Structures are given as C-alpha cells and as structure tokens.
Amino acid sequence: MLKSLSAALALLLALVIAPAQAQLQITVTNGDVGALPIAIVPFTQVGSVRVDVAQVVENDLVRSGRFRAMSRDEMRQKPNQPAQFDPAPWRSQGTDNVVVGQVLDDGKGGYVARFFLLDSLSGKSVVAYDIPVRGPEQMRYAAHQIADIVYEKLLGLPGYFNTKIAYVSAQGLGYQRTYQLIVADSDGEQPRVIATSRETLMSPNWSPDRKQLVYVGYERGRSAIYLHTLASGQVRKLVSEKGINGSPVFSPDGTKLAFVLSFEINPDIYVMDVSGGNRRRLTDHYGIDTEPAWSPDGSKLVFTSDRSGRPQIYEISVAGGEPTRLTFQGSQNLRPSYAPDGKSLLFVNVDGGRQRIALQDLPGGALHLLSNGPLDEGPSFAPGGAVIIYSSQGPHGRQLETVSVDGRVRLTMRQATGDVQEPAWSPLLK
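All values derive from a computational prediction rather than experimental measurement.

Chemist: What exactly am I supposed to notice about the environment of Ser404 here?
Modeler: With respect to the helices and strands, the residue Ser404 is situated in strand β31 (residues 397–404). On a C-alpha basis, the gap between Ser404 and Leu370 in space is 8.3 Å, while along the polypeptide they are 34 residues apart. Residues in contact with Ser404, not counting those within four places in the same chain, are Arg66, Leu370, Ala386, Val387 and Val409. At 2.5 Å, the side chain of Ser404 forms a polar contact with the side chain of Asp406.

Quick look at the structure:
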C-alpha cells in the first residue's frame, strides 16, 4: 500500500538568498567494507523534471559509505513498478535490494514521486511510497527523502540526507579576505549565502524548526550575536555587549539561547529567551567558561572551562548549581555537544599536540578517537547521531569531513579554493 509523505515536504521553505560562488566537492575517503549492494533503477520521469531523481538517491546512499550501487550499464532490466520486476536477474548478480520508481504529473501543477524498494529474494515490495512534490525546484528534496527511507529501512538508522548544513567559507588573504556564511543541502548542493563580511563569521547554530540561524559576526572589531530568519532574510542583532559575545546555541524547544559574555568580569555562560528578555548568568567563576551546548531534554548544559587549569568539559543544570567535570583524558578537551540520545559526549580532544574528534560514553565512560588530526575542530552531529561533521586541515586549506560514529566511514567535503569551517548540521524537519 502506498503511503503519503506530504507533511515534511510541504513544510520545506525555499531560501530567499543569493547562491554561493563555490560548491563543495565530495569524496568518500573510506567506505564500509561490508557495504550493502543495491540497485537504483533510473526512474521514468515527465519531461518537465530535469533532476535525475534516481541518481540523487544513488549518490546519497553511496556517499554514506554503507551502500555499493550497481552501475546502470550492468542492469539487465529497468522496471519502474513491481509488476515489471523479475527478481531472478537481480539475484544472480548478488543484488538483494532494488529501488524502482516514477515521477508523475499530479494534474494540479505539481508532481508525485512514486518509488518501491523491492527484495529480489522474496520478489516482493518491502517499501512503497508516494511523495507529493510542489514543483520541479523541490524534486531534489523528494530524492533525499527517498534515500532517507531506504537508508532507515535497510540499516535501522535514521536517514540524514534531507537535511542542510551551515558552514563558513573564507576566501583571500589579509585585508582581501572575505567570509561567507553558507547554507547547503547535506550533499553540498544548492549552496546559498546567508551573510558576507570582511570580518570573521563564526559559530552558526540552527533553530529546532530549521527556520532560523544564530551566529557571531563582527563589526569594526566588535562581536555580536545575530539571528537570521531564512525565509525572509531578516537579520536581528540579539546581543552586543562589550568584550566577548560568543557561542550561541538554541535550546531543544527553540525558546532560549545559551551563549558566552565577558562584559561583567570573566567569560561566563548566560541563558536568555530568544524573544530578548529574562537574561541570566548561569556560571560565575574566575576561569573562562565558554562553548555551551544543551542536553537533548533541555535540563543541562555542557561547556568548556579552564577552571581546573586547562580547558576541560563540565556539565551544569540549567537551574544553576555547581558544575561537574566530565573529561579527564588528554591535556585539553573542547567544543562539547551531547549525542541526540544523550548517552555520549562529542568534543575535540587535544593530546600530544594533536587535535582530534572524540566520543565519550556517559557517564564517565570510555573515550573513542574518531579522527586523525592534527588540527580537527568544530564537530557537529547529524540528526539521528550516526554521523559527525567537523573541520580539518587538508592539503589545500580547511575542509569539512564526516565520520560515522563507529569510525568506519569517512567523507571529505572541500572547495576548489579557500577554507571551509565551522560546520553545523540542521535538525530533521518534523
């Protein structure tokens, strides 16, 4: 029976912003040796649709490192619905899972992306969906949604392809250096510039509904925290005190921000209503407290502090109280965030002069190093927590990398020129 996925796609708003000049180039640098074989058969499509839906689905699944796709030249048949499917040729080629589909005109000015996940062992349809698509500009989102469904059905993990990433691109040297805050699809496609500045842009963070970004910008050397509404392009300056205005992050319910200010005495963690009222100071210490991140239930924050002599990670209740130190391995630990399930902690581990991405079980569990360094920073979880994105030093400048939480699958995202850094993965649409 076909299901309808109108809710998620109907909520997706086009970004009213300019296209970025540089697109990310993606390379799978280390895949899963046990990658599942799969065939994504070319969809039959109405002539007005220019996006090759099946190719986008294939690219998503292959770039995840978890799938190995059959080439189209090797396909002995190319069905577009279960009635045309003969499982025998696929079985003989060692491919158990086959995706087929069509893009149809819905007769109302839009389209329907219809697809089936077929099992060549049983000869039956495992998954069948109709995805309504408002117009051709939304077709890539439908393709990402198909990849998400297939990924979750076969691996039991939430898909993350129909999401977005925010990152900072830096081009030029010295006084000619320009910074851009960019939002792109999870595969680096359709990049759009959110902000451009001759001064540093940093610390982007998504609202839970994906409609807004907060970030830190500078004007004549003075920092401020800005709120950008993506659909309208409206920008509002939220916080601009003397000294540091840094590390803004939305609470899980989207009503509050945690951030860092230094204008009173030392850099400390503050919490404020997004509407602009009820600001309060959460930490009060002679050391430097910075880089807050919310727990999934919104009851706690983790942050970086040098109150023990060197930067380590602490946890504090949002209601206040005495923080608890969480990290002890390595000379420094920085930039923490909770896993989406709250069971582990992601951060940058510094040891022996190398900065690497680390994952630690909570409470006080084992430390797992996920990257090689020597200068990795800014880690962020993908929705669902199966993949992590971070910034690393590549042969031609800063680049983005992703790694699966088990360390087996790696992917590199870079620009032809310039640096890319400060990545932040968006939430899933709800």
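Chemist: When you look at the packing of helix α2 (residues 53–63) against helix α4 (residues 139–155) in this model, what are you seeing that I'm missing?
Modeler: The description of two helices packed together rests on the angle between their axes and the distance between the axes. One can describe the packing of α2 onto α4 by two numbers: an axis separation of 8 Å at closest approach and a directional angle of 45°. As summarised for this structure, α2 and α4 are arranged oblique, according to the angle between their axes. The hand of the α2/α4 crossing is right-handed. Within the contact between the two elements, α2 uses Val53, Val56, Val57, Asp60 and Leu61 and α4 uses Met139, Arg140, Ala143, His144, Ile146, Ala147, Val150 and Tyr151. Looking at the contact of α2 with α4 residue by residue, the classes come out as 10 nonpolar, one polar and two charged.

Chemist: Help me out: how do you make sense of the environment of His368 in this one?
Modeler: With respect to the helices and strands, His368 occurs in strand β28 (residues 367–369). Here the alpha-carbon distance between His368 and Pro82, two residues 286 residues apart in the chain, equals 44 Å. Not counting residues up to four positions away in its chain, the partners in contact with His368 are Ile357, Ala358, Leu359 and Asp361. A distance of 3.5 Å separates polar atoms of two side chains, one belonging to His368 and the other to Asp361.

Chemist: Please clarify how the pairing of strand β12 (residues 192–197) should be interpreted in this entry.
Modeler: Note: strand β11 (residues 178–185) against β12, five bridges, orientation antiparallel. Each residue of the ladder has a partner; that of Val183, found in β12, is Arg192. Taking the residues between adjacent antiparallel strands as the criterion, β11 and β12 are bridged by six residues, where Gly188 takes a positive phi near 85°.

Chemist: Can you help me understand unusual backbone geometry in this one?
Modeler: For residues other than glycine, phi is negative in most cases, and the peptide bonds are mostly trans. Look at the link from Leu362 to Pro363: it is a cis peptide, with omega at -5°. Position of Pro363 relative to the elements: it lies in the loop between β27 (354–361) and β28. One non-glycine residue, Arg220, lies in the positive phi region at around 55°. Looking at where Arg220 falls in the secondary structure, it is placed in the loop between β14 (212–219) and β15 (222–229). Since its relative accessible area comes to 81%, Arg220 is described here as exposed. Not every positive phi belongs to a glycine, and Glu291 is a case in point at roughly 55°. You can see Glu291 is positioned in strand β21 (residues 289–294).

Scoring rules and cut-offs
Residues numbered from 1 in each chain as written. Predicted model: local features only at pLDDT ≥ 70, side-chain atom pairs only at ≥ 80, totals over all residues. Heavy atoms only, no water. Helix = DSSP H or I, 4+ residues; strand = E, 2+ residues; numbered from the N terminus. Contact = heavy atoms within 4.5 Å. Polar contact = N/O pair within 3.5 Å; in protein donor to acceptor, adjacent residues only side chain to side chain. Axes fitted to C-alpha atoms, helices over the stretch in contact; angles between N-to-C directions. Parallel < 35°, antiparallel > 145°, perpendicular 65-115°, else oblique. Left-handed = near helix turned anticlockwise from the far one by under 90°. Nonpolar A, V, L, I, M, F, W, Y, C, P; charged D, E, K, R; others polar. Pairing = 2+ DSSP bridges. Buried < 20%, exposed > 50% of the residue type's maximum accessible area, 1.4 Å probe, protein only.

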